Amino acid sequence: MKKLLALLLTGSMVLSLAACGQAAPAQQASEPAPAAEEAAPAEEAAPAEEAAPAEASDSAYGEGYVFKHGFDLDYPPYSYIDENGQTGGFDVEMAQAVCEYYGWQYEAVPFNWDAKDAELNAGSCDCIWSGFTVNGREDDYLWSKAYSDNTQMIMVAKDSGISSLSDLGGKIVGVQTSTSAYDLLNDEEGQAELSSTFQSLEVYETYTIAFNDLKAGAIDAIAIDVTSGNYLMSGEDGYVFLDEALGSEQYAIGFRKGDTELCDLVNAALDALVADGTYDAIGQKYPEIYDFLCLN
Amino acid sequence: MTLSTMLSTMAAGMLRTCGIFALTLIGSLPLGMVVALLRKSRSPIVRGIIRVYISVIRGTPLMLQLLVWYFGPFYLFEWSIRGWRFPALILGFIVNYAAYFAEIYRGGIESMPVGQYEAAEVLGYTKTQTFMRIILPQVIKRIMPSITNEVITLVKDTSLAFTLAYQEVFSLAKQISASQTSFMPFVIAGVFYFIANYAVQFAMERIEKALNYYR
């Protein structure tokens, strides 16, 4: 028993040492300039330290900076797994183009959409760039310029007999959780009044499942962004949007408040990519959203 | 996306799933034994800590625990969590499963008749010898079915790794399903899980048979 106890104690000490070991690099990382790099040149001459901070602020986003693009892989065609099983989508390609523009290294940080704020605040990503709606979140993030418009619409089967929003009374409507369509239907100043006329509002994990339910006749309509809806309907016949829209919104890139420099740099890069036609060229690969890109 | 691309993408995810599975077992099976023994410690403080640990772990969802493991270091200590995703995931799983295994071990240990301890004492065995040579081998035989149960649950619980956006097979199934507007990825994931669990069942049955040396 004593041996066992000794073993345990050793084990717990090793663990706590490991914890200390983690603390050290972590603190370094949270400082703007890594202490280790500064320490080396400091040996040569003390005045070198004065030059270091200025250099650091210039080069914080210099060539080789690792740009951590946070996004949801569930959101075609902005960010998703493409035909070849690779990470792709309009937002991913744009982020890569921005990185190429500055000579940054691109790092994909796919996250769980429900944990996006925790990921951003904890610094595991630099921005949320994933078909991210500005409207209603204006004060929560530092926003880049909007690069895409979008509209929330109601999708129904052609033969459903539903032709206007008022026909939706007593019907079952599906929506994906944490989407702007969902927020809109629950917002008192939005379309909450309309959704109160529904028989029920079914909340789905993904639009794929909602669309399947629509096809199977389990629900009568889906409230969805027009771009996601276009994506779902591509290759499917027999589904249409109602003419009246539920609401409209804009997509932009959300940064941590205070990351002004990074936000300005990305904005400048967006301008340059629009000017040299890259934005348009990438957009043309995604016909479902091309008409909604608003920087052209 | 062709079916073969889908299969190969998801097979890569299945490998990651197996990675979580293997690392969790390697960590939690021994840790569970340590916890079970500490739970029977003479010190009331140690016993108390272990009881709190077990009831917190069993009383909260694993999904929540994973979030705490990953984001906790930042929100509590402002540490950078760069590169912490996978370690946090594995730690979360190990600490969670160790609690369940500990209770299974405890059940097994407590089911041993007192007479065996008395007989061992008479024969001059020390406490450690009694435990390692007499009690433990019987406990392992007795608890195998419960362990198998828990291991199979673990195979399926690995899907909770999607909480931390780890690209295991179920996260991929969801994502490919969204991009392909198809249910096929879920069917494939189901088949993958079944195959994995069938292998687990097969292996555990073999182990049980091998341990069944008195019949």
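S.K.: Please explain the domain arrangement of chain A as it appears in this structure.
M.R.: Interfaces are frequently sized by the accessible area removed from exposure as the parts join. All names here are of chain A. Structurally, chain A comprises domain 1 (66-147 + 252-290) and domain 2 (151-249). Put simply, the middle of domain 1 and the middle of domain 2, counted by C-alpha atoms, are 26 Å apart. Taken together, the contact between domain 1 and domain 2 spans 11 residues of the former and 9 residues of the latter. In terms of residue class, the side of domain 1 that touches domain 2 is made up of 5 nonpolar, 3 polar and 3 charged.

S.K.: Sorry if this is basic, but what is going on with the interface of chain B and chain A here?
M.R.: Facing the 28 residues of chain B at the interface are 31 residues of chain A. Breaking the side of chain B that touches chain A down by element, the ones donating at least two residues are α1 (3-39), α3 (62-77), α6 (127-157) and α7 (169-180) of chain B. Sorting elements by how many residues they give to the side of chain B that touches chain A places α7 of chain B first, with 6 residues. Considered class by class, the residues forming the side of chain B that touches chain A number 13 nonpolar, 11 polar and 4 charged.

S.K.: Please clarify how unusual backbone geometry should be interpreted in this entry.
M.R.: Backbone phi values are negative for most residues with the exception of glycine, while trans is the configuration of most peptide bonds. Residue Pro-77 of chain A is reached from Pro-76 of chain A by a cis peptide bond, and omega for that bond is -5°. Although it is not a glycine, Glu-78 of chain B sits at a positive phi angle of roughly 60°. Relative to the assigned elements, Glu-78 of chain B resides in the loop between α3 and α4 (85-110). The phi dihedral of Ala-165 of chain B is positive, around 55°, even though this residue is not glycine.

S.K.: Sorry, what's going on with the sheet that holds strand β6 (residues 142-143) of chain A here?
M.R.: Pairing between sheet strands relies on hydrogen bonds along the backbone, with the strands arranged either parallel or antiparallel. All names here are of chain A. Here 5 strands make up an open sheet; going across it, the order is β4-β1-β5-β13-β6 and the pairing mixed. Each end of this open sheet is capped by a strand with a single partner; those strands are β4 (105-110) and β6. Inspection of the sheet shows strand β1 (residues 66-71) paired to β4 by 6 bridges, in the parallel sense. For Gly-70, the partnering residue across the bridge sits in β4 and is Val-109.

Rules of the game
- Residues numbered from 1 in each chain as written.
- Chains lettered and ligands numbered in written order.
- Predicted model: local features only at pLDDT ≥ 70, side-chain atom pairs only at ≥ 80, totals over all residues.
- Domains from an automatic or database assignment.
- Contact = placed C-beta atoms within 7 Å.
- Nonpolar A, V, L, I, M, F, W, Y, C, P; charged D, E, K, R; others polar.
- Helix = DSSP H or I, 4+ residues; strand = E, 2+ residues; numbered from the N terminus.
- Pairing = 2+ DSSP bridges.

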